[in-house]
Amino acid sequence: MTRTHTPRVLSGVQPTGNLHLGNYLGAIRKFVPLQDSHEALYCIVDMHAITVWQDPKELRNQTVQIAAAYLAAGIDPAKAAIFNQSAVPEHAQLAWILNCVARMGWLNRMTQFKDKAGKDKEKASVGLFTYPVLMAADILVYRATHVPVGDDQKQHLELARDIATKFNNDFGTEDFFPLPEPMIQGPGARIMSLRDGTSKMSKSDPSDLSRIGMMDDADTISKKIKKAKTDPEPLPSEKDGLADRPEAKNLVGIYAALSGKSDEDVLTEFGGQGFGVFKPALAELAVEKLAPIAGEMRRLTADADYVEGILRDGAAKARAVAGPIIEETKKAVGFLV
C-alpha cells in the first residue's frame, strides 16, 4: 500500500552572526505564506551551529534573535511551530540512524564541507563533516514533503532524498520516508554584498557596510544603501543591460524583492536614470519595509522570556509530530521500543 504524506514544510536558520537582508528576503519572508498552505515547522538550527565553535552566551542570544525575526516577519506561532532544534531530541536520534544508512562517499562529495573546512580539514569537527546527515534527519523526522532551499543547499537536499531512498529500500518500507521536494525561492533568493556584487551578502563579511542588518535603524539602512558600491553608468531600460554590472543588478534585485515587482518593472520605472535618483528611492523603500520589522525584533528580543515561551510551545508541537515517526523508525530498524 502506498503511504500518503501530509503536505508539510520544514526549514531553519542558523543562530550565528547577525541576521541581514539576505536572510530575510531569501528565506524568512518566504516562510510566511507557506504557513497557510502547508503544515509548517520552522526551527532555529542550533545543533548545526555548533559544528564550529560558538560562544554559549551568544548562541543563546542569537537563538532568541532568530525566533524574534520569525515572529516580526509575520510567522504566527498559532499556525506554525517555531522551535530550536536542540529542544527536539528526535532530530539527534534519527541523525544517528541515518548516519548508519548514509555512505562515506556521499559525504565526501559535499562541497560545503570542503569550503568551510578549508585546507586543514583534519582539524575540522566530525560534526562539520556529518552535518548534512543531521539536515536530512531534520527533514525526515517530520516526513516533510517540501523544503525551501537556496542554491547552496540543493546538494544537501539531494543527499536527504538519497538517504530516504536507501532507508526505504534497505528496510523494505516503501514510501516510509517521502522524498522531499525543493521549493525554489524565486525573487530575492540570492542577495549580494553591497560592497561586492559578485559575493553573497554574508554575516561573516568583515565590513558592516556590506550588509543591511535586520535590526539596523532607519538612518543606518539609508546610509548603507547610499554608500553601496555602484558604477558610473545610468540604469538600463532592459534586464539584459545588467548582465555585466553585478552591483547594479543586485540593487535592482533588492528593490524588486522589497516592492514585489519584477526586475523588468523596476527598470521600466528607473531605466536611463542614475544612481543619484535610484539609491534614494531604494533607501526610502527599504526603510519603509524593514524599519517596522527591526523595531518589532528589538521589542521581542528585549522580552526574551516571552520568546523562549514561544520556542517551548513550538518544541512541544514539533515533538508531537516527530515522536511517533521516530518510534516507527526504530521499529523498522529492529530496535526494541
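Quantities reported herein were computed from a predicted structural model and do not represent experimental measurements.

Chemist: Report on the pattern of salt bridges, specifying residues and quantitative values.
Modeler: Applying the stated criterion across every chain yields a total of 15 salt bridges. Taking the shortest distance from any N to any O, the salt bridge between Arg8 and Glu39 comes out at 2.9 Å. Placement of the pair is Arg8 in strand S1 (residues 8-13) and Glu39 in strand S2 (residues 39-44), with a sequence separation of 31 residues.

Chemist: Break down the side chain of Glu247 for me, citing the residues and quoting the values.
Modeler: Topologically, Glu247 is positioned in helix H10 (residues 246-259). The residues contacting Glu247, other than those within four sequence positions of it, are Asp196, Gly197, Lys229 and Thr230.

Chemist: Tell me about helix H11 (residues 263-270), and please be specific about residues and values.
Modeler: By the burial criterion, the buried members of H11 are Asp263, Val266, Leu267 and Phe270. One face of H11 carries all of its buried residues, which in axial projection span an arc of 95°. Elements in contact with the buried residues of H11: H10 and helix H12 (275-301). Just beyond H11, the residue with positive phi is Gly272, at close to 90°.

Chemist: Lay out the nonpolar core in plain terms, naming residues and giving numbers.
Modeler: When a protein is soluble and globular, its nonpolar side chains tend to lie buried together. Membership of the largest hydrophobic core comes to 62 residues, with the highest contact counts inside it found for Tyr70 and Phe278. By residue number, the principal contributor to this core is H12, which donates 11 residues. Contacts of Phe278, omitting those with residues within four sequence positions, involve Leu235, Leu251, Val252, Tyr255, Val266 and Phe270. Listed in part, the 46 residues of the second largest apolar core include Leu107, Leu157, Phe176 and Ala318.

Chemist: Hey, could you go over the packing of aromatic side chains for me, with residue numbers and the actual values?
Modeler: To describe a pair of aromatic rings, one takes the distance between the centres and the angle between the planes. Under the defined criterion, the tally for this structure stands at 12 aromatic pairs. Summarising the aromatic geometry, the rings of Phe31 and Tyr70 are spaced 6.0 Å apart at their centres and angled 65° between planes, so their arrangement reads as edge-to-face. Of this pair, Phe31 sits in helix H1 (residues 21-37) while Tyr70 sits in helix H3 (residues 56-73), and the two are 39 residues apart along the sequence. The residues Phe31 and Tyr70 share a single accessibility class, namely buried. Ring geometry for Tyr255 against Phe270: centres 5.3 Å apart, planes inclined by 70°, an arrangement best described as edge-to-face. On the criterion of sequence distance, the pair formed by Tyr255 in helix H10 and Phe270 in helix H11 is long-range, its members being 15 residues apart. Taken individually, Tyr255 and Phe270 each receive the classification buried, so the pair is uniform in this respect. The rings of Phe167, Phe171, Phe176 and Phe177 are connected pair by pair, giving a single aromatic cluster. Seen from the ring of Phe176, Arg143 lies directly overhead, with NZ or CZ sitting 4.6 Å from the centre.

Chemist: Describe the packing of helix H4 (residues 90-99) against helix H13 (residues 304-333), and please don't skip the residues or the numbers.
Modeler: In the contact formed by H4 and H13, the axes pass within 10 Å of each other and the chain directions differ by 25°. In terms of axis orientation, H4 runs roughly parallel to H13. Like other packed secondary-structure pairs, H4 and H13 cross with a definite hand, here left-handed. Touching Glu90, Gln93, Leu94 and Ile97 of H4 are Arg319, Ala322, Gly323, Ile326, Thr329, Lys330 and Val333, all from H13.

Chemist: Please set out the environment of Arg29 residue by residue, giving values where relevant.
Modeler: With respect to the helices, strands and loops of the structure, Arg29 is situated in helix H1. The exposure class assigned to Arg29 is partly exposed, which follows from its relative accessible area of 25%. Along the chain, Arg29 and Ala69 lie 40 residues apart, while their C-alpha atoms are 9.6 Å from each other. Engagement of the side chain of Arg29 in a polar contact is seen with the backbone oxygen of Ala257, the distance being 2.6 Å.

Chemist: I'd like a rundown of unusual backbone geometry, residues and numbers included.
Modeler: Here Arg143, not a glycine, exhibits a phi torsion of approximately 50°, which is positive. Along the chain, Arg143 falls in the loop between helix H7 (126-140) and strand S4 (146-149).

Chemist: Tell me about the side chain of Thr145, and please be specific about residues and values.
Modeler: Along the chain, Thr145 falls in the loop between H7 and S4. Polar side-chain contacts of Thr145 include one of 2.8 Å to the side chain of His146. In this structure Thr145 touches His5, Thr6, Pro7, Arg8, Pro178, Leu179, Pro180 and Glu181, once residues within four positions along its chain are discounted.

The rules behind each value
The written sequence of each chain sets the order in which its residues are numbered from 1. It should be noted that, the model being predicted, local features are given only for residues of pLDDT at least 70 and side-chain atom pairs only at 80 or more, the latter also being counted only at that level, while totals for whole chains, interfaces and linings use all residues. Side-chain figures throughout are based on the complete set of non-hydrogen atoms in the structure, without hydrogens or water. Criterion for a salt bridge: a side-chain nitrogen of Lys or Arg within 4 Å of a carboxyl oxygen of Asp or Glu. For helices the rule is a DSSP run of H or I covering at least 4 residues; for strands it is a run of E covering at least 2, with both sets numbered from the N terminus onward. Any two residues whose heavy atoms approach within 4.5 Å are treated as being in contact. Three exposure classes are used, based on accessible area relative to the maximum for each residue type with a 1.4 Å probe and protein chains only: buried under 20%, partly exposed in between, and exposed over 50%. By definition, the arc is the one covered by directions from the helix axis to the C-beta atoms. Residues belong to one nonpolar core when they are buried, are Ala, Val, Leu, Ile, Met, Phe, Trp, Tyr or Cys, and are joined through side-chain atoms within 4.5 Å. Side-chain rings of Phe, Tyr and Trp, where Trp is taken by its six-membered ring, are said to pair if the distance between their centres is within 6.5 Å; with planes under 30 degrees apart they count as stacked, over 60 as edge-to-face, and otherwise as tilted. By definition here, charges over rings are those cases where NZ of Lys or CZ of Arg is within 6 Å of the ring centre and within 35 degrees of the ring normal. Structural elements are reduced to axes, namely lines fitted to C-alpha atoms, with helices fitted over the stretch in contact, and the angle between N-to-C directions of any two is expressed from 0 to 180 degrees. The scheme is simple: roughly parallel for angles under 35 degrees, roughly antiparallel for over 145, roughly perpendicular for 65 to 115, oblique for anything else. For any pair of crossing helices, the crossing counts as left-handed if the nearer helix is rotated counterclockwise from the farther one by less than a right angle, and right-handed if it is rotated clockwise. We define a polar contact as two N or O atoms separated by no more than 3.5 Å, with the added condition that, inside protein, one atom must be a possible hydrogen donor and the other a possible acceptor, whereas residues neighbouring each other in sequence contribute only through side-chain atom pairs.

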